[in-house]
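Close look at the chain arrangement
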Amino acid sequence: MPAKKNLRILIRLDLLKPQSNPEKIPTILLRWLLSTGRYILILVEAVVLIAFVFRFKLDADIAEIKEEIEVNQLPYIKNLQPFEILIRQTQLKLSSINGFLQSNPDYALILKKIADQMPVSVSLRSLSLEKSLDKISIQINGQAQNNNDLAAFQANLKQDSFFSGVSLSSVGLEEGVIRFTIKANASVAGGGQNL
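Presented here is an overview of the structure given in this document. Note that this is a predicted model, so its numbers are computed, not measured.

**What to know about the pairing of strand S3 (residues 163-174)**
Relative to strand S4 (residues 177-187), S3 runs antiparallel, the two being bridged by nine bridges. Directly across from Glu174, in S4, lies its bridge partner Val177. Between S3 and S4, which follow one another and run antiparallel, lie two residues, and Glu175 among them has a positive phi close to 55°.

**A closer look at the sheet that holds S4**
On the basis of which strands lie adjacent, the open sheet formed by four strands has the order S1-S2-S4-S3 and antiparallel pairing. Of all strands in the sheet, those bounded by a partner on one side alone are strand S1 (123-131) and S3. For this sheet the average axis-to-axis angle between neighbouring strands, irrespective of direction, equals 15°. As paired strands, S1 and strand S2 (residues 135-144) are joined by eight bridges and run antiparallel to one another.

**Observations concerning the packing of aromatic side chains**
Under the definition given, this model contains three aromatic pairs. On the basis of an interplanar angle of 85° and a centroid distance of 4.9 Å, the ring pair of Phe52 and Phe56 is categorised as edge-to-face. Note that Phe52 and Phe56 are positioned in helix H2 (residues 25-79) at a spacing of four residues, about one turn of the helix. On the basis of relative accessible area, Phe52 is assigned to the exposed category, the value being 51%.

**Looking at the nonpolar core**
Counting residues in hydrophobic clusters, the biggest one holds 20 residues, and the most contacted among them are Ile114, Ile138, Phe153 and Ile182. At the level of secondary structure, the elements contributing two or more residues to this core comprise helix H4 (107-117), S2, helix H5 (147-159), S3 and S4. The element best represented in this core is S4, accounting for five residues. In contact with Phe153, other than residues within four places in its own chain, are Ile114, Gln117, Met118, Pro119, Val122, Ile140, Phe180 and Ile182.

**Some remarks on the side chain of Thr181**
Along the polypeptide, Thr181 turns up in strand S4. A polar contact of 2.8 Å, which involves the side chain of Thr181, links it to the side chain of Asn141. Contacts of Thr181, omitting those with residues within four sequence positions, involve Gln139, Ile140, Asn141, Ser167, Leu168, Ser169 and Ser170.

**Structural notes on H4**
The set of residues buried in H4 consists of Ile110, Ile114 and Gln117. Down the axis of H4, the smallest arc covering the buried residues is 70°, so these residues share one side. Against S1, S2, H5 and S3 lie the buried residues of H4.

**Some points on the pattern of salt bridges**
Considering all chains together, one arrives at five salt bridges under this definition. Linking Arg55 and Asp59 is a salt bridge whose minimum nitrogen-to-oxygen distance equals 3.7 Å. Within this pair, Arg55 and its partner Asp59 are both found in helix H2, separated by four residues, close to a single helical turn. The class for Asp59 is partly exposed, based on a relative accessible area of 35%. For Arg179, the salt bridge identified is with Glu174, shortest N-O distance 3.1 Å. Arg179 sits in the partly exposed class, given a relative accessible area of 21%. A relative accessible area of 44% means that Glu174 is categorised as partly exposed.

Rules used throughout
- Residues numbered from 1 in each chain as written.
- Predicted model: local features only at pLDDT ≥ 70, side-chain atom pairs only at ≥ 80, totals over all residues.
- Heavy atoms only, no water.
- Pairing = 2+ DSSP bridges.
- Helix = DSSP H or I, 4+ residues; strand = E, 2+ residues; numbered from the N terminus.
- Axes fitted to C-alpha atoms, helices over the stretch in contact; angles between N-to-C directions.
- Phe/Tyr/Trp six-rings, centres within 6.5 Å; stacked < 30°, edge-to-face > 60°.
- Buried < 20%, exposed > 50% of the residue type's maximum accessible area, 1.4 Å probe, protein only.
- Core = buried A, V, L, I, M, F, W, Y, C linked by side-chain atoms within 4.5 Å.
- Contact = heavy atoms within 4.5 Å.
- Polar contact = N/O pair within 3.5 Å; in protein donor to acceptor, adjacent residues only side chain to side chain.
- Arc of directions from axis to C-beta.
- Salt bridge = Lys/Arg side-chain N within 4 Å of Asp/Glu carboxyl O.

As far as function goes, none of this settles anything; it's purely spatial.
Structure representation (structure tokens):
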């Protein structure tokens, strides 16, 4: 038992870091670079090498696709060039015709509307159509056999929604026939046609 007395266990624990001498930032940074930073550096270099190798593969793919286009597709496209020019010319002509029809009223429709509203005993001497920006001014010079036919013609024009501002501007009796002038307006927008 006396041997036990000579056996002394000395354990020194330093649970607190020394307060008087803190570690400096360069030391902490160097320790981090040596422990964790090397793995990050190896990973970054691996990504750079993979990107470098992948670039060669992409360059080879681009060269192959470019060669395929020049050999196979370019002659085919050049053969279709006259058709493309013809199609573009046709589209331009169609758009020009459509623009013309949209900007110009349908005079045939206006004449048909006037003829539909005219009684049989009324005849036209002259018809004047004048286009302005947003309307067409119509002047009808005609003759009728009696007052009822003239009144019916004017009433029919007023009832038709295609015409606006229908008015009887002059009436006269010559050689037993009633001569009259009716003025009206029609919309330009309603007269255009679409292709």
